[in-house]
Amino acid sequence: MSVQGGVYQPPTVAFMKSMQDEVSVLRLLLAQRKLYSRAKRWSFLRWIGFSILGVAAPILTVLVPQASVFVGALAGIWIFLSRTWFRSIESGLAAKAAYVQERFDQAVFKMPDQITRTPSASMEEVSSLTGDDQTVLNQAKKEKLTGWYPFDDRLNGLEAIAIAQRANAAYSERLLNVNGNVWLSTTVLWSCAAVIASLIVGLSLPEFLLGVALPLLPALLDVWEQYRSTRRAGLTRRTMASDIEAFVRGQSSRQLAAEDLLVWQSQVYDLRRTSPQIPNLVYKGMRDRNERAMNAAATELAEAALRHSAGGTSPGGH
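All values derive from a computational prediction rather than experimental measurement. (Residues numbered from 1 in each chain as written. Predicted model: local features only at pLDDT ≥ 70, side-chain atom pairs only at ≥ 80, totals over all residues. Heavy atoms only, no water.)

(A) Spotlight on the layout of surface pockets. In this model, the largest pocket occupies a volume close to 970 Å³. Taken together, 37 residues form the lining of the largest pocket, with Arg 33, Trp 148, Tyr 171, Leu 175 and Tyr 283 sitting closest to its centre. Where the lining of the largest pocket is concerned, the elements lending two or more residues are helix H2 (23-63), helix H6 (157-201), helix H8 (258-274) and helix H9 (280-311). Class assignment for the residues of the lining of the largest pocket results in 15 nonpolar, eleven polar and eleven charged. Within this model, the second largest pocket holds a volume of roughly 450 Å³. (1 Å grid on protein atoms, 1.4 Å probe; cavity = no way out; pocket = protein on both sides within 12 Å on 5 of 7 lines; lining within 4 Å. Points joined across faces, edges and corners; volume = space filled by probe spheres on them. Helix = DSSP H or I, 4+ residues; strand = E, 2+ residues; numbered from the N terminus. Nonpolar A, V, L, I, M, F, W, Y, C, P; charged D, E, K, R; others polar.)

Structure follows, in structure tokens:
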């Protein structure tokens, strides 16, 4: 345990670079990805139901006018299931994934357990998700999980961990911003498509309200809430990334300390548990571009940290 006299002692960069590619640690990284993927399936199930209702409502209302009441009732049932059962399972899986990812960070950064985190995932559950050691290695290579954090050998452990935490926050912020734009575009396009379809088929006002608006409005409300929570999570990560950057560059009112790393790690864990899920399509589509940006930013920050250390800039200096 890297705690001496009650003070956390960051490990060396060499240790962290080696540890993040150990099979036992890669197993955690792979397991959290599988848990997040399961959570995203439940999220997808929630939205696909609303999508079907939004598309089918105008058609059913025209073909079978009496179906408008049925469609409205079906939308109400789906909303209830979505906000209770589906969301509960999704949140539970995401929280487990955050716990497993926290264990990965603790192993790489040699951080102590600060609080009891629930829900957790047992070693048996992690193992059943990932398979044997060879399977873990093969999947880790296939999914490019090795070398997860951009460590620079020239830095000390304190600076290297801070830059890694900032990279995590900035990477997630970029994904969340793109995802927020996707949800906003979906809301606008979905609403326009429903109104245009209703006009084309010549729905009366009562038919439109009962067969289209009532099933669609709750779905649009959920999409709007998803957009707002996504943007809010992105802003929180931007604030965190900026705070870390100020410390690394020596622009804060005091010097970077090991206790700061523990505080930021707790924030990272809380954000992982509560942030909206990023669809795999968005994640994979942005991955190469985001990783290039993350690595370039980490390199530039490492150079800034080295200049700060060499120049002996006082805290708060620029």
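(B) Just helix H4 (residues 123-130), in detail. Listing the buried residues of H4 in full gives Val 126, Leu 129 and Thr 130. Take H4 and look down its axis: the buried residues cluster within an arc of 85 degrees, on one side only. Of the exposed residues in H4, the ones pointing more than 90 degrees away from its buried face are Glu 124 and Ser 128. (Buried < 20%, exposed > 50% of the residue type's maximum accessible area, 1.4 Å probe, protein only. Arc of directions from axis to C-beta.)

(C) Geometry of the nonpolar core. Counting residues in hydrophobic clusters, the biggest one holds 67 residues, and the most contacted among them are Phe 109 and Phe 151. A total of twelve residues in this core trace back to one element, the largest contributor, which is H6. Not counting residues up to four positions away in its chain, the partners in contact with Phe 109 are Tyr 8, Pro 11, Met 16, Tyr 149, Phe 151, Ile 161, Ala 164, Gln 165 and Gln 265. Core analysis: the next-biggest nonpolar cluster, separate from the first, contains eight residues, Trp 190, Ala 194, Leu 216 and Leu 220 among them. (Core = buried A, V, L, I, M, F, W, Y, C linked by side-chain atoms within 4.5 Å. Contact = heavy atoms within 4.5 Å.)

(D) Molecular detail of the side chain of Asp 260. Structurally, Asp 260 is set in helix H8. Reaching out from Asp 260, the side chain makes a polar contact with the side chain of Arg 254 at a distance of 2.7 Å. Apart from residues no more than four positions distant in its own chain, Asp 260 is found in contact with Phe 247, Arg 254 and Gln 255. (Polar contact = N/O pair within 3.5 Å; in protein donor to acceptor, adjacent residues only side chain to side chain.)

(E) Here's a closer look at the pattern of salt bridges. Counted by the stated rule, this structure contains 15 salt bridges. Between Glu 143 and Arg 33 there is a salt bridge, and its shortest N-O distance comes to 3.2 Å. Residue Glu 143 is found in the loop between helix H5 (133-142) and H6, and its partner Arg 33 is found in helix H2; the two are separated by 110 residues along the sequence. Residue Glu 143 is classed as partly exposed on the basis of its relative accessible area, which comes to 23%. (Salt bridge = Lys/Arg side-chain N within 4 Å of Asp/Glu carboxyl O.)

(F) Structural view of the packing of aromatic side chains. According to the stated counting rule, one finds seven aromatic pairs in the structure shown. Both rings, one in Phe 109 and one in Tyr 149, keep their centres 5.3 Å apart while their planes meet at 35 degrees; by these two values the pair is tilted. With Phe 109 in helix H3 (residues 67-109) and Tyr 149 in the loop between H5 and H6, this residue pair connects regions lying 40 residues apart in the sequence. As far as the burial class goes, Phe 109 and Tyr 149 line up, both buried. Three or more aromatic residues link up through ring pairs in this structure, and these residues are Phe 104, Phe 109, Tyr 149 and Phe 151. Here the basic side chain of Lys 110 rests over the ring of Phe 15, its NZ or CZ set 5.0 Å away from the ring centre. (Phe/Tyr/Trp six-rings, centres within 6.5 Å; stacked < 30°, edge-to-face > 60°. Lys NZ or Arg CZ within 6 Å of the ring centre and 35° of its normal.)

(G) Structural view of the confidence of the model for the protein. Mean pLDDT over the protein: 83, with 86% of residues reaching 70 or higher. Element-level mean pLDDT values for the protein span from 48 in strand S1 (residues 3-4) up to 96 in helix H1 (residues 13-19). The low-confidence segment residues 313-318, where pLDDT is below 50, has 15 contacts with residues more than four positions distant or belonging to other chains. (pLDDT = per-residue confidence, 0-100.)

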